[in-house]
Each structure stands twice: as structure tokens, then as C-alpha cells.
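# Observations on the three-dimensional arrangement
The residues making up each chain are set out below.
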Number of protein chains: 2
Amino acid sequence: MKSDISGFPEFLPNEQIVFEWAKNVATKSFESYGFCPMDTAAVERVETLLSKGNDHEIYGLYRLTDPSEKKEFGLRFDLTVPLARYVAKYHGDLIFPFKRYHIAPVWRGERPQYGRYRQFYQCDIDVVGDEALSLNYDAEIICIIIKTLKKMGVPPFHVYINNRKILSGFLKTIVSEQQIVGAMRLLDKSDKLSFEGLKAQFLQNGVDDAKFERLQNFLNVDQRGSIATIIDYLKDLRLNDEFVAGVNELENVLQILKQLDINDNYLRISMKLARGLDYYTGSVFETKLDNVLDLGSIAGGGRYDNLTGLLSDHVCPGVGASIGLSRLIPKLIEKGLLDASKHTTTQLLVTVQQSAHLGAYLRIAEQFRKFGANVEVYLHDKPLAAQLKYASRKHIKYVFIANDVELLDEIGILRNMETKEQQKIHIPSVGNSILELIK
Amino acid sequence: MKSDISGFPEFLPNEQIVFEWAKNVATKSFESYGFCPMDTAAVERVETLLSKGNDHEIYGLYRLTDPSEKKEFGLRFDLTVPLARYVAKYHGDLIFPFKRYHIAPVWRGERPQYGRYRQFYQCDIDVVGDEALSLNYDAEIICIIIKTLKKMGVPPFHVYINNRKILSGFLKTIVSEQQIVGAMRLLDKSDKLSFEGLKAQFLQNGVDDAKFERLQNFLNVDQRGSIATIIDYLKDLRLNDEFVAGVNELENVLQILKQLDINDNYLRISMKLARGLDYYTGSVFETKLDNVLDLGSIAGGGRYDNLTGLLSDHVCPGVGASIGLSRLIPKLIEKGLLDASKHTTTQLLVTVQQSAHLGAYLRIAEQFRKFGANVEVYLHDKPLAAQLKYASRKHIKYVFIANDVELLDEIGILRNMETKEQQKIHIPSVGNSILELIK
């Protein structure tokens, strides 16, 4: 991956081809579950961008010709705020439950530093209801994320699941109501903090040793055994109404996942999982690779009670997820898990030996295209050897070779550039089988 | 089409589905000719954006948290400058001729006004050579644009072709060397000027009546008859070397277009066509709908001698074109030429009558998906009538209906929501034929 300005990554053609493939895999997967495409303007009003009280750094816009005049809009930093604004604005035009996906870049006004992107793709799916939305959709979203990642050839991973009501219900028993949000944020960062660091932070906030030990035991609930064992343990705790509601929701989501044929082996319950974003109110989940640990979360999401919040009077609960394609795909390429050797989408290069017969070569290519093949004709005036070298450097797997005599007979040679195998073909007879021949 | 901030258009789902379809048509068409995908960061250095001395209004960026600090970069206003920068920067990594397409938004710091977009999609293809590039590619680009527009179902159109060398060669005979660029810009706007307006402008610049009459005759060359007649007429003129070179290039491009099986009926020679952008140096062309005249040019492009210009020591000639999707598609929808009635990509809705059997419904949907169908399960707890209404409002063509008894027998009803026709299906036997059944 390259970059002209630090933090703004871009791909060379071979990597771009893989990235587009991954976007297509996601698109097809999302559409197979009935999600429709969405695309919003890259800019939003500044007041909209700030409506969730977020802490992201936002790029504002001004016109170069008039630097004193700041525009009232800036670049989006995620695809959730645009979704909220879109649903609020076009509520009457939409059909609920509204299922959409949105694969597009977002921008963060980060200071340039290693591994921090200032532009990256988000790949979001959300289901938004009008006033109510069944918990079934929480399970469907998790199911779709798992199936999509598998279709992308992602190596072994687990989905870590929690419910914010469980966490919040538990935290109520050790900190005050006002401290809950702060405590959740601490838990969200607990992976990055040492045990002592985490403890110090909680002790600072008036949590005594006994309470912290209870917290610690609670966070380690995932080590108690199978998912069923953990659920049973949580059900027995019955700390308060919120806690019980959260456990019920979690159990329900897991049951529906079973009906969706999602094997328990993919799933882990994790009480540590909080997801920093404040708008999550129920299910939360995150997906991590088992062995490529330096990648962190590759997908995550959750349930929110009211997407449109301050933007509208309508109450729109929803559940969604996002796949971090811009980090995931380059890492899979780097680890050799995705093949980025192809520098082209071309399947076949038609070489040109006699430019006087260019028309014949062009017609042959057009015939192959009609049957769905991606075919390039070498239109530059160069000897055959140079044309073959071009095919080889670009990793075009097949070339077609014919001289004027062969053209008259409507025959030619199909050469596999990898195996060097050649076969003679009679052009008019090839038809649909061209796709088989150049596979 | 809707808009939250004036000039930043966005689609409702039914229109977005059509727009994505059009992007896919372009993508497949470009790839079938061996073009590879490209995607660059949305921002470029301000110095890069200004390198072509352009007159577009550019959006600069600043961080909201630090309004005094202007970033050294801004949003791209086209996809050609990013291509030039990309080719200059990664020259050693690319294989030439470099054929790429790029479908992505660009931004213009326009003052908001009717019909002017501040964000819109460009849909570009270019072939870039290293030091040299055959004229054959000029013809290929025109051919691809024609075929792509036809695949999009665009109503009758013509491609207007010219060559800047012809125009420049002619203008040399009536204005000074220094006035040529200005004169070309005038011609480029001649459609918008009255005859008197155009004449006044030229007379102001020292062109006398006799010379202006010659210009006028020259501009009307397209009324002389067939393409062959016009070419013959131009060949006889032999005004100067540049003019002759231009006529030869134009003739060559037209000959190759014939070999590419492009019917003359699609093509028109137009001496009025200049294409305002200064970097064009040879072939120029523009595509206009015959009957939807208020749309102006829907695609255009041309040949440039040196793409990378000030950005690199390499000389990279190229030829490219751009389709104005953001204007074209909404207009085709508005005129009823593209069908935007579908509010969904879902082909089949599986209705749920007994939530106790949710697993069975989910498995049926999953089975249909395996054979390539886009299937939604209605996961919200609502009566069947509400589910059918949802399918109907969303224009989902087929619904699957089964009660618990039918589920046990692995049968169900497939209802066509448009014709109300119903057929009983045995689920395990359906297999691959599901795609036929719900077509």
C-alpha cells in the first residue's frame, strides 16, 4: 500500500483489484439478505456531525478562493451519523424495517502517525425500525457478518458478544449511576491497560478492593465454560431488572443464531466488551482474528434504541455492524491470505501481428467479450515478443496468437502464459466455451 | 433526487439501486476491455490540484478543532489530476499502456445554484502510455463509451468528434499564435453565444469580416454531407502542417472505429467542438443525446500529449473519457427511460407465520440464497397481512408463505405479488431452479 499524503492510503492496481473483489463480496452478501445500497454526500452539516457529541476530529471545508469563509459543513467521520440524518430527513419516503448497506470512505482529522488513517473505508449494514425492531435482527446482523467474512476468506475468527444492559446492570452494583458511562469506557480500554492500571482507575473512582474483585470475577465469566454454562450462571445472578433484561436479550440472540445455523464455535461471550460508542444500548459484538492478533477488531456493531435521537421526533431503534475493510484487506494480502498477484482484470490478451488486419483481431476480441470474457487487444505497435512480455508482466493468464494465414482460416493459438501450454482453436466454434478455455 | 445541503444530491433507495446498476454496467464494460479499477484518496495536495492551472473552485480542509490551521490539501475536483499524480508517483510500479477506470465522487466549491452540483460522480477511463501511445486507443475509448452507454439503455445519441490540431491549425490562419487558446475557449462556448455575440468577440480580437466568414464556413463543415465527404474536404484544405496532421489523425481514428464495427451513424464530425480543458492536444469528442437536449454533453474526452506534465520527468501521453453519471441517470429516470420502481434488491420475502418455527423459515431462506437468490426473512413479529403489505410497498416481487403443517411437509406457496399467481413448491426439490421461479 502506498500513500501520497501520510494517512491517506491508496492501492497499486494488483491490491486495488483485491479490494474491489472484497467490496463485491460484501455487496453480494448484504444484498442476499435483502439489504439495499445507500450512498450519501460525503459532507454533512457541522451541527449534524456534532449531534452525537462525538470526540472524533472533523475536517471542515472552506473554499480556497475565500479562506476566511468557513463552510457550514464538514466531511463525515463515520457512516452512522449520515444514516441517522438520512432516516430522520426521508422518514416518510422509507419503508421500515429499513435495511441498508453503505460501503464508502470516511475521514478523520487525526494527526498523522503510523497506522492511523485519515481516510478509510467503512462497510456498514444496519436495520432500522420505526418505533420497534425485533431482536431477531441482532442475530441476523451477526450471522451476516460471520458469513461475509468467511466468503472473504478471512482466517479463523471469533465473534465476542455482550449486552450493554448486562454491563450497565452490573456496574450499578459497584459505582454510582453517573459513573457508569465512564466505567464502561474504562472497560472498553481494559485490553490496553494492565491489571494494576485498571484497578488504580477504579479505586480512584471510589470502588473498594472487594467491589473491584467482584468486577474482576465478573469480567472473567467467559472462562466458566460453554456458552450455555455462562448463560446459566448469568441467569442465576439476577442483580437487577436491567441486568436480567440484558441476560434475556443475550440468551435470545444466541438462540436465534443457533436457528440461523451459526455454530457455537464462532461465538464467545465477553463481559469485557463494552464498545466505546455511547449510542449502543443492547447487544454489542466484535470480531477478532484468532491468530493475526495485531489487527484488533475487524468488525463490530450493536443495537441502539434511538438512531435519530436529536435529529427527529421519530423513535428509530436499530442494529448494525461495520467491517473494517481498509485495515483487514491489506493485512490479509500482507499475510499471503489473499492473492494480490494479478495486476489486471484482463483474462485474455489478443496479440496483433499484422496491423493491416487489425479489424480481424478486434472482431475476435469482441466475439469473446460477447460471451463474457474480459479481453484486451494489444493496440500499440510492438513486436509479438513485447506483447507477450506485457501479458506476462501484467499476469494476463491467456494470450491469443494468429498470423494473417491463420486469420483467413479463422483459427488461432490460445497460450496459457503460466503453463506455456498451447491449443489451436477454431474461432467461430469457440462460442460460450471461451470462458471454460481461459479459466 | 433529494439533498440535505444544496448542491449535494443523494438518492432514495429506489434511485440508488438504479445508480448502482449503472455503475456496475460501466465497471463490467470497462473491465471487458482490460481496464483495471483505480481508487485514490479523495484529497490531494493543494499544489497538485493547482498544477494544471485550472479554474475550478477547490475545497480546502481544516480541522474543526483548530480552525486557524489550514491543511496543505483539498478535495479533488476531477479524476484526471489524481490520475496524473498517481502515474507520476508510481510510474515504476505501473505497467504501460496503463488502462484504468475510476468511478468516484469529485467536489467543486461552486456557489449553490439550480442544477449545479457541489459533489458528483465522475466515471472515467483512460489509457496512459510511457513516451508513446498508439492512436488506436483513441478509437477504442470512443468505442467503449458508445457500447457502455448503449448497455445503460441510453436513448439515441451521437458522438461528435474533432481534433484539436485541426482547430488550432485553422485558427492560426485567422488569429495570432497567442490568441489561439482564447479563440478555442470562445468556440467551446459558441453553442451558448448568439451568432452576433460570437462575431463581436472575434472582431474585438482583430479578426476582420472576411476572416470571420471563413471561420464560419469552416465551423459549418459538418453540414457538407457524409463523414467521407467532410474528410475529403478537410484533406484538400492543407492549411499548414498542424492542420494536416490533425486531419490525418481524425481520419485514422474514424478508420479504426470502422474496424471496431462502430457504425458511422453514431458519429458526427464537428469543427465547433474544442473541449475547454487546455490539456487536450489531439482527438476530442463529446456525446449528446439526440432528443433529451437539455442534458448537454453526457460523456466526453480526448487525447493529451503529456498527462504528468509538471509532476514528473516522464512523458506520458494518454487518451480518456468521462461519463457524467450524476446528471445522466437521474434524467433517464425522470424521463421514464430507466425503471426506478424497485425499492429493494430483494427478490423474495419469506414470510413468518409461526415464530416458534422461525428456524425452519430461516433455513428455507438460506437454502434459496445458496442458489444465488436475494432473500429476506420478515423477522419482525407482525401478522401475515402486514408482511404482504411490506413486500408490496417495497416492490418485492415474490413472497414465500407456509404454515406449520406445510413446513413439516417441506412445502410452501410462492406468490407473485404483481400477478397474484401462486404455485405450490416442494422446498428440497427446488434447488437451482429457484432463480427461474422468482425471475
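Before reading on, note that the structure itself is shown above.
Quantities reported herein were computed from a predicted structural model and do not represent experimental measurements.

What follows concerns the packing of helix H1 (residues 13-32) of chain B against helix H11 (residues 325-334) of chain B. Residues and elements named next belong to chain B. At their nearest, the axes of H1 and H11 sit 10 Å apart, and the two run at 125° to each other. By the criterion of interaxial angle, the relationship of H1 to H11 is oblique. H11 is crossed by H1, and the crossing has right-handed handedness. Where H1 approaches H11, its residues Glu15, Val18, Phe19, Ala22 and Lys23 are matched on the opposing element by Leu325, Ser326, Ile329 and Ile333. For the contact of H1 with H11, a count of residues per class yields 6 nonpolar, 1 polar and 2 charged.

Each side of the interface is counted separately: chain A has 93 residues, and chain B has 93 residues. Here chain A meets chain B over a buried area of about 8500 Å², counting both sides, of which 55% is carbon and sulfur. The largest share of the area that chain A buries against chain B comes from Arg63, Ile95 and Leu379 of chain A, three residues that together contribute 8% of it. Put simply, chain A and chain B have 15 salt bridges between them. Two residues, Glu366 of chain B and Lys147 of chain A, come together in a salt bridge whose shortest N-O distance is 2.9 Å. Counting across the interface, chain A meets chain B through 50 residue pairs in polar contact (both at pLDDT 80 or more). Here the side of chain A that touches chain B is built from residues that sort into 46 nonpolar, 18 polar and 29 charged. Pairing between strand E5 (residues 59-63) of chain A and strand E5 (residues 59-63) of chain B: 5 bridges, direction antiparallel. Residue pairing across strands places Tyr59 of chain A opposite Arg63 of chain B, the latter belonging to E5 of chain B.

It is worth spelling out the packing of aromatic side chains at this point. Per the stated rule, a full pass over the model turns up 34 aromatic pairs over all chains. Relative to Phe19 of chain A, the ring of Phe11 of chain A has its centre 5.0 Å away and its plane inclined at 40°; by these criteria the two rings are tilted. Owing to a relative accessible area of 1%, Phe19 of chain A belongs among the buried residues under this scheme. Ring geometry for Phe368 of chain B and Phe400 of chain B: centres 6.2 Å apart, planes at 75°, overall edge-to-face. Linking Phe368 of chain B in helix H12 (residues 358-370) with Phe400 of chain B in strand E16 (residues 398-401), this pair joins segments that are 32 residues apart in sequence. Per residue, the accessibility class of Phe368 of chain B equals that of Phe400 of chain B, and both read buried. Taken together, the aromatic side chains of Phe8 and Tyr59 of chain A together with Phe73 of chain B make up a single cluster linked through ring pairs.

Further remarks concern empty space enclosed by the protein. All names here are of chain A. As enumerated under the stated definition, the model contains 8 cavities of 30 Å³ or more in all. Estimated volume of the largest cavity: approximately 160 Å³. Lining the largest cavity are 13 residues, with Pro9, Glu10, Phe11, Tyr121 and Ser326 positioned closest to its centre. Put simply, the parts of the chain that give the lining of the largest cavity at least two residues each are strand E2 (9-10), helix H1 (13-32) and strand E8 (119-128). Per-element tally for the lining of the largest cavity: the top contributor is E8, with 3 residues. Looking at the lining of the largest cavity residue by residue, the classes come out as 7 nonpolar, 4 polar and 2 charged. Counted as a void, the second largest cavity has a volume near 130 Å³.

Time to look at the pattern of salt bridges. Counted by the stated rule, this structure contains 43 salt bridges over all chains. A salt bridge links Asp138 of chain A to Arg303 of chain A, with the shortest nitrogen-to-oxygen separation between them at 2.5 Å. Remark: Arg303 of chain A occurs in strand E12 (residues 297-304) and Asp138 of chain A occurs in helix H4 (residues 136-151); sequence separation between them is 165 residues. Judged by its relative accessible area of 0%, Asp138 of chain A falls in the buried class. A relative accessible area of 7% means that Arg303 of chain A is categorised as buried. Two residues, Asp209 of chain B and Lys199 of chain B, come together in a salt bridge whose shortest N-O distance is 3.3 Å. Placement of the pair is Asp209 of chain B in helix H8 (residues 209-219) and Lys199 of chain B in helix H7 (residues 195-204), with a sequence separation of 10 residues. The exposure class assigned to Asp209 of chain B is partly exposed, which follows from its relative accessible area of 46%. A residue is classified by how much of its surface remains accessible, and Lys199 of chain B, at 27% relative accessible area, is partly exposed.

Parameters and conventions
Numbers given to residues run from 1 along each chain, matching the order in which its sequence is written. Naming scheme: in the order in which they are written, chains are lettered from A and ligands are numbered from 1. In keeping with the model being predicted, local features are shown solely for residues with a pLDDT of at least 70 and side-chain atom pairs are shown and tallied solely at 80 or more, while totals for entire chains, interfaces and linings include all residues. In computing side-chain properties, one takes all heavy atoms of the structure into account and sets aside hydrogens as well as water. The axes used here are C-alpha line fits, helices contributing only the stretch in contact, and every angle between their N-to-C directions lies in the interval 0 to 180 degrees. Going along the chain from the N terminus, every DSSP run of H or I of four or more residues is numbered as a helix, and every run of E of two or more is numbered as a strand. Angles below 35 degrees are treated as roughly parallel, those above 145 as roughly antiparallel, those between 65 and 115 as roughly perpendicular, and all remaining angles as oblique. Handedness of each helix crossing follows the sense of rotation of the near helix against the far helix: counterclockwise by less than a right angle gives left-handed, clockwise gives right-handed. The contact definition used throughout considers only heavy atoms, calling two residues in contact when any of these lie within 4.5 Å. Any residue outside Ala, Val, Leu, Ile, Met, Phe, Trp, Tyr, Cys, Pro, Asp, Glu, Lys and Arg is labelled polar, Gly included; the first ten of those are nonpolar and the last four are charged. A quick way to say it: buried area is the sum, across both parts, of accessible area lost when two parts are put together, with a 1.4 Å probe. A side-chain nitrogen of Lys or Arg and a carboxyl oxygen of Asp or Glu constitute a salt bridge if their distance falls within 4 Å. What qualifies as a polar contact is a pair of N or O atoms within 3.5 Å, subject to a donor-acceptor requirement within protein and to the restriction that residues adjacent in sequence count only when both atoms come from side chains. In this scheme, strands are said to pair when DSSP sees at least two bridges between them. What counts as a ring pair is set by centres within 6.5 Å for rings of Phe, Tyr and Trp (its six-membered ring), and what kind of pair is set by the plane angle: stacked under 30 degrees, edge-to-face over 60, tilted for all other angles. Burial here depends on accessible area, computed with a 1.4 Å probe over protein chains only, as a share of the maximum for the residue type. Under 20% is buried, over 50% is exposed, and the range in between is partly exposed. Think of a 1 Å grid over just the protein atoms. A cavity is a set of points where a 1.4 Å probe fits yet cannot get out, a pocket is an open set with protein on both sides within 12 Å along at least five of seven lines, and lining residues have an atom within 4 Å of a point. Grid points are joined across faces, edges and corners, and a volume is the space filled by probe spheres set on the points.

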